[in-house]
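# Overview (structure and organization)
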Amino acid sequence: HLYAVEVDEARTGVSRQSVFNAMRAAQIGVNVHYIPIHTQPFYARLGFLKGDFPAAEHYYSRALSLPLFPALTDLQQQRVVTVLRAALSA
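Throughout what follows, the structure given in this document is the object of discussion. (Residues numbered from 1 in each chain as written. Predicted model: local features only at pLDDT ≥ 70, side-chain atom pairs only at ≥ 80, totals over all residues. Heavy atoms only, no water.)

### With respect to the packing of helix α2 (residues 16-25) against helix α5 (residues 74-88)
Between two packed helices, both the angle of their axes relative to each other and the distance between the axes serve to describe the pair. What counts, and what does not: In this analysis an axis means a line fitted to C-alpha atoms, helices contributing only their contacting stretch, and an angle means the value between N-to-C directions, from 0 to 180 degrees. Runs of E in the DSSP output that reach at least two residues are strands. Runs of H or I that reach at least four are helices, and both are numbered from the N terminus. Working rule for angles: under 35 degrees goes down as roughly parallel, over 145 as roughly antiparallel, 65 to 115 as roughly perpendicular, anything else as oblique. In this scheme, a crossing is called left-handed if the near helix is turned counterclockwise away from the far one by less than a right angle; it is called right-handed if the turn is clockwise. Residues count as neighbours in contact if any of their non-hydrogen atoms are within 4.5 Å of one another.
The interhelical angle for the contact between α2 and α5, taken along N-to-C directions, is 140 degrees, at an axis separation of 9 Å. Relative to α5, the element α2 is oriented oblique. The handedness of the crossing between α2 and α5 comes out as right-handed. Contacts from Val 19, Ala 22 and Met 23 in α2 reach Val 80, Val 83, Leu 84, Ala 87 and Leu 88 in α5.

Here it is as structure tokens:
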């Protein structure tokens, strides 16, 4: 139900935030999902701390969800890919 990619800033030299901003500026509805549950206020009150689950935090810091829905046309898919490539090479 989601198409997530990971933006590796060390490899691309581009942050997830800048890719997010570029995609949104092009009116492509990207989003960020899967906030590590231990960072949510309820779990923080239970004593979980940032750093307790480094793999989850690492993934979250890089993940970006691209548009995905049944009516997405081939042309729309190509536009997402084109804008994403441009954002990653900026």
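### Some details on unusual backbone geometry
Most peptide bonds take the trans form, and the phi angle of most residues other than glycine is negative. Definition in use: Each residue's exposure class comes from its accessible area (1.4 Å probe, protein chains only) as a fraction of the maximum for that residue type: buried when under 20%, exposed when over 50%, partly exposed otherwise.
Positive phi is not limited to glycine here, since Gln 27 has a value of about 60 degrees. One can find Gln 27 in the loop between α2 and α3 (41-45). On the basis of relative accessibility, which here comes to 75%, the residue Gln 27 falls in the exposed class.

### Considerations on the nonpolar core
Rules: Remark: nonpolar core denotes a set of buried residues (Ala, Val, Leu, Ile, Met, Phe, Trp, Tyr, Cys) joined through side-chain atoms within 4.5 Å.
Of all hydrophobic cores here, the largest spans 15 residues; its most connected members are Val 19, Met 23, Ile 28, Val 30, Leu 64 and Leu 66. At the level of elements, α2, β2 (63-66) and α5 are the ones that each hand at least two residues to this core. Among all residues touching Val 30, those that are not within four sequence positions of it are Phe 20, Met 23, Arg 24, Leu 64, Ser 65, Leu 66 and Pro 67.

### Description of the pattern of salt bridges
What counts is decided by this rule: Put simply, a salt bridge is a Lys or Arg side-chain nitrogen that is within 4 Å of an Asp or Glu carboxyl oxygen.
Considering all chains together, one arrives at 2 salt bridges under this definition. Here Glu 6 makes a salt bridge to Arg 62, at a shortest N to O gap of 3.4 Å. One end of the pair, Glu 6, is in strand β1 (residues 3-6); the other, Arg 62, is in helix α4 (residues 54-62), and 56 residues separate them in sequence. On the basis of relative accessibility, which here comes to 42%, the residue Glu 6 falls in the partly exposed class. For Arg 62, a relative accessible area of 19% puts it in the buried group.

The quantities given are spatial measurements derived from coordinates; they are silent on function.
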